[in-house]
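Examining the three-dimensional arrangement
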Amino acid sequence: MSSPLSISVELTYVRLRGLMGYFQATSKKYGLPLALLLAVASRESRMGLALSADGTGDRGHGIGVMQIDKRYHPGFTRAHDPFDHQANIDYGGRYLGVLLRDFGGDILQAVAAYNAGPANVRKAVHTGLPPDVVTTGGDYASDIQKRANLIRRWLGMPAAASQAVYLVPAGLLLLLTYNYLTTRPR
């Protein structure tokens, strides 16, 4: 599990590199929660911070921020540069969307399948095991869920803070107006 500080650093990196727009567009395009996409990128590549100099990870098997595996997605990986972040995020989002549909909307199973493959997850679930049993570290899907919750909080903080800037003066204005209207002589 990634720490709140690490998630904060990763989100800052994504913003500074101009990648947030790609995540937002992919989220909207495929109807996926933004925090879920970012959480997958966080686990896969620390949102790009853990990529090697050639843009790969996983001993050269995964490419880009979403770590699209060359062994299972050769058509995509041969046609795209590991640093084509927009295409990488879009492909990862599209694949995650397909998995969500294939697993009937079950996020834990779909996310586990993103990591371990659909057949492995189906086999585990069919035998009564949790989907994470076949994932890297045995905790991939539950870790993604925890990261998504942290990311939701981080993404929600700026919005809440900026709203507070307007709410406090507005509240004071309403209070002063109420006091003025109720205490003035008639």
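Residues numbered from 1 in each chain as written. Predicted model: local features only at pLDDT ≥ 70, side-chain atom pairs only at ≥ 80, totals over all residues. Heavy atoms only, no water.

1. Focus on the packing of helix 6 (residues 107–116) against helix 7 (residues 118–126)
- Where helix 6 meets helix 7, the closest approach of the two axes is 7 Å, and the angle between their N-to-C directions is 130 degrees. Put simply, helix 6 runs oblique to helix 7. Facing helix 6, whose interface residues are Gln109, Ala112, Ala113 and Ala116, helix 7 presents Pro118, Asn120, Val121 and Val125.
- Tallied by class, residues from the contact of helix 6 with helix 7 come to 6 nonpolar, 2 polar and no charged. (Axes fitted to C-alpha atoms, helices over the stretch in contact; angles between N-to-C directions. Helix = DSSP H or I, 4+ residues; strand = E, 2+ residues; numbered from the N terminus. Parallel < 35°, antiparallel > 145°, perpendicular 65-115°, else oblique. Contact = heavy atoms within 4.5 Å. Nonpolar A, V, L, I, M, F, W, Y, C, P; charged D, E, K, R; others polar.)

2. Quick notes on the side chain of Thr26
- If you trace the backbone, Thr26 turns up in helix 2 (residues 20–30).
- What makes Thr26 buried here is its relative accessible area of 3%.
- Sequence-distant contacts of Thr26, that is, excluding residues within four places in its chain, are made with Leu37, Ile89, Asp90 and Gly93. (Buried < 20%, exposed > 50% of the residue type's maximum accessible area, 1.4 Å probe, protein only.)

3. Some points on the packing of helix 2 against helix 3 (residues 34–45)
- It is the contact of helix 2 with helix 3, at a shortest axis distance of 9 Å, that shows an interaxial angle of 125 degrees. What the angle tells us is that helix 2 and helix 3 run oblique. Note that helix 2 runs across helix 3; the crossing there is right-handed. Across the interface between the two elements, Met20, Phe23, Gln24, Thr26 and Ser27 from helix 2 touch Leu34, Leu37, Leu38 and Ala41 from helix 3. (Left-handed = near helix turned anticlockwise from the far one by under 90°.)

4. Observations concerning helix 2
- Taken as a whole, helix 2 has its buried residues at Met20, Phe23, Thr26 and Ser27. In a view along the axis of helix 2, the buried residues occupy a sector of 130 degrees, so they form one face of it. Projecting away from the buried face of helix 2 at angles above 90 degrees are the exposed residues Lys28 and Lys29.
- A positive backbone phi angle near 65 degrees is found at Gly31, which sits one or two residues after helix 2. (Arc of directions from axis to C-beta.)

5. Notes on unusual backbone geometry
- Positive phi, normally seen in glycine, also occurs at Met47, with a value near 60 degrees.
- With respect to the helices and strands, the residue Met47 is situated in the loop between helix 3 and strand 1 (56–57).
- Phi angles above zero are rare outside glycine, and Gln67 is one such case at about 50 degrees.
- As for its placement among the helices and strands, Gln67 is situated in the loop between strand 2 (62–63) and strand 3 (68–69).
- Owing to a relative accessible area of 8%, Gln67 belongs among the buried residues under this scheme.

6. Some points on a nonpolar patch on the surface
- Taken together, the side chains of Leu5, Val9 and Leu49 make up a nonpolar region of the molecular surface, amounting to roughly 270 Å² of accessible area.
- Among the secondary structure elements, Leu5 is positioned in helix 1 (residues 4–16).
- With relative accessibility at 64%, the residue Leu5 sits in the exposed group. (Patch = residues over 30% accessible without salt bridge, like charges linked within 9 Å, V, L, I, M, F, W, Y side chains within 5 Å. Areas by Shrake-Rupley, 256 points an atom, 1.4 Å probe, with all protein chains shown as cover. Salt bridge = Lys/Arg side-chain N within 4 Å of Asp/Glu carboxyl O.)

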